[in-house]
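In case you want the letters, here they are:
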Amino acid sequence: NAGVTQTPKFRVLKTGQSMTLLCAQDMNHEYMYWYRQDPGMGLRLIHYSVGEGTTAKGEVPDGYNVSRLKKQNFLLGLESAAPSQTSVYFCASSPGLAGTDTQYFGPGTRLTVL
Amino acid sequence: AQKVTQAQTEISVVEKEDVTLDCVYETRDTTYYLFWYKQPPSGELVFLIRRNSFDEQNEISGRYSWNFQKSTSSFNFTITASQVVDSAVYFCALSLNTNAGKSTFGDGTTLTVKP
């Protein structure tokens, strides 16, 4: 039982490049979330999913897209990376509503956009 | 809109001292959930506690204790007899039952425990 895993752990991009971050969970959780953490700040929600095939915008969705084609995977895409997207990205999953269930976090992906 | 404020940006204590991390939240909902997470230097997020708005009982877990007071909208976290391994960033978070469970995080308090 690996819990929540994220791929890759580190990535450096040039402005304008694209990439996809992969989040996988093996706990059969319905809900999945993508957050970003900037220095000196807490986590801010980018997008989330309440089930396979569904996605919704969070607090800071601009510049990102997501897909949840399979229940266990939640992909975060950057179509044209910008320096402002330099951050640490965390994925999380929960059995149900995060308010009633604990969120389980992945180890994070450190992304630098030059 | 909901908001979480952790007014203490950084705290430094000497080992064995007690330390309290403050968390003040804002929400108009009557049903909500409060969390504390620990983020050690390695970067992962470690869940510490979840508390719902209907349960104001204080909780103790080893050297950790939490004081939830709805009257002051606070959910403070105390570490007794701090240890160097407690050095980390601690986040308080708020989730609403009516908002797909999305969590709002405070900006975190960096705790440094010196030997």
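(A) Summary view of the interface of chain B and chain A. Between chain B and chain A, the residue contacts involve 18 residues of the former and 22 residues of the latter. Buried surface at the junction of chain B and chain A, summed over both partners, amounts to about 1600 Å²; 57% is from carbon and sulfur atoms. Viewed at the interface, chain A and chain B are joined by zero salt bridges. Counting the contacts that link chain B with chain A gives three residue pairs in polar contact (both at pLDDT 80 or more).

(B) Summary view of the state of the cysteines. By the definition in use, this model includes two disulfides over all chains. At a sulfur-sulfur separation of 1.8 Å, the disulfide partner of C23 of chain A is C91 of chain A. Its S-S torsion of about -75 degrees marks the bond between C23 of chain A and C91 of chain A as left-handed, since a negative value means left-handed. With C23 of chain A in strand β3 (residues 19–25) and C91 of chain A in strand β9 (residues 87–94), this pair connects stretches of sequence that are 68 residues apart. The residues C23 of chain A and C91 of chain A share a single accessibility class, namely buried. Across the disulfide, C23 of chain B is cross-linked to C92 of chain B (sulfur-sulfur distance 2.0 Å). Between C23 of chain B and C92 of chain B, the S-S torsion sits near -65 degrees, and that sign places the bridge as left-handed. With C23 of chain B in the loop between β3 (19–21) and β4 (24–26) and C92 of chain B in strand β10 (residues 88–96), this pair connects stretches of sequence that are 69 residues apart. Judged on exposure class, the residue C23 of chain B and its partner C92 of chain B are both buried.

Cut-offs used in this document
- Residues numbered from 1 in each chain as written.
- Chains lettered and ligands numbered in written order.
- Predicted model: local features only at pLDDT ≥ 70, side-chain atom pairs only at ≥ 80, totals over all residues.
- Heavy atoms only, no water.
- Contact = heavy atoms within 4.5 Å.
- Buried area = accessible area lost by both parts, 1.4 Å probe.
- Salt bridge = Lys/Arg side-chain N within 4 Å of Asp/Glu carboxyl O.
- Polar contact = N/O pair within 3.5 Å; in protein donor to acceptor, adjacent residues only side chain to side chain.
- Disulfide = S-S within 2.5 Å.
- Helix = DSSP H or I, 4+ residues; strand = E, 2+ residues; numbered from the N terminus.
- Buried < 20%, exposed > 50% of the residue type's maximum accessible area, 1.4 Å probe, protein only.

Keep in mind these values describe shape, not function.
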